[in-house]
Structures are given as structure tokens and as C-alpha cells.
Amino acid sequence: MFNIGGGEIIGLLVLGMILIGPDRMPSVAADATKFLIKLKNIAQNATNELKENLGPGYEDLQVKDLHPKAFIKKHIGDVIDKSDFDMKPKPKIDPDLL
């Protein structure tokens, strides 16, 4: 998701050890973990409340479905037949001439 590799994680740990100090590092990590768990729970509760408020038919709602492009594809994509549109670019040179 964040595209962070092993080297970056080790660099962040070393930077944390320098800035925070090795004696306070475990307590800061525990506080950060608690904060992330609270944040996850808040997001999950908001999603559940949204599903409840929208009513039946939205039980399978995902947060990524609320993105405008995904929403349009999901709800209007069935109406539009993709075979009606030619998605291939038109050649600029007549292939018979080649």
C-alpha cells in the first residue's frame, strides 16, 4: 500500500532509535499500535453505520466502491454494452498501403 521496502523500515527504526531513544521506543510503539487499532475501529464503525443507513441492497458495500469511478462502473457499467464502443485506437496509416 505504501510501497515501503525492508531498507526503508530499517532506516525508520534507526531514525526512531536516534530521535526517541531506546528506552522510550517500546512505549511509543505500543501507543502507536493502540492509535492504529482505534483508527481501524472508527473506520469499521463508520462503514457499518453507512451500510445500516443505506438499507437493504448495500450489504456487500465496500469502501473502495464509494470512489466515483468505481461507483459509476458498478451501477452504470451493466447498462452500457462495451461492444458498442470501439476501444482500439484508429490507425493513422492505411494498413493496405504498407
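Keep in mind the model is a prediction, meaning the values are calculated, not measured. (Residues numbered from 1 in each chain as written. Predicted model: local features only at pLDDT ≥ 70, side-chain atom pairs only at ≥ 80, totals over all residues. Heavy atoms only, no water.)

1. Let's talk about the overall build of the chain
Now for step 1: Summing up its helical and strand segments, the chain has three helices and zero strands in all.
Now for step 2: Starting at the N terminus and ending at the C terminus, the chain contains elements arranged as α-α-α.
Now for step 3: The buried share of the chain, taken over its 98 residues, is 7%.
Now for step 4: A total of about 9,300 Å² of accessible surface is found on the chain, and carbon and sulfur atoms cover 64% of it. (Helix = DSSP H or I, 4+ residues; strand = E, 2+ residues; numbered from the N terminus. Buried < 20%, exposed > 50% of the residue type's maximum accessible area, 1.4 Å probe, protein only. Areas by Shrake-Rupley, 256 points an atom, 1.4 Å probe, with all protein chains shown as cover.)

2. As for a nonpolar patch on the surface
Now for step 1: A surface patch of nonpolar side chains, amounting to about 640 Å² of accessible area, comprises Ile 10, Leu 12, Val 14, Leu 15, Ile 18 and Leu 19.
Now for step 2: Mapped onto the elements, Ile 18 comes out in helix H1 (residues 6–20).
Now for step 3: Ile 18 sits in the exposed class, given a relative accessible area of 63%. (Patch = residues over 30% accessible without salt bridge, like charges linked within 9 Å, V, L, I, M, F, W, Y side chains within 5 Å. Salt bridge = Lys/Arg side-chain N within 4 Å of Asp/Glu carboxyl O.)

3. So, H1
Now for step 1: An ideal rise of 1.5 Å per residue puts 21 Å on 15 residues; H1 measures up with 21 Å between its terminal C-alpha atoms.
Now for step 2: Positioned one or two residues after H1, Gly 21 has a phi angle of 100°, which is positive. (Expected span 1.5 Å × (residues − 1).)

4. Re the environment of Met 25
Now for step 1: Relative to the helices and strands, Met 25 is located in helix H2 (residues 25–54).
Now for step 2: Along the chain, Met 25 and Leu 13 lie 12 residues apart, while their C-alpha atoms are 9.4 Å from each other.

5. Remarks on H2
Now for step 1: Across its 30 residues, H2 extends 43 Å between first and last C-alpha, which sits within 8% of the 44 Å expected from 1.5 Å per residue.
Now for step 2: Phi for Gly 55, located one or two positions after H2, is positive at around 90°.

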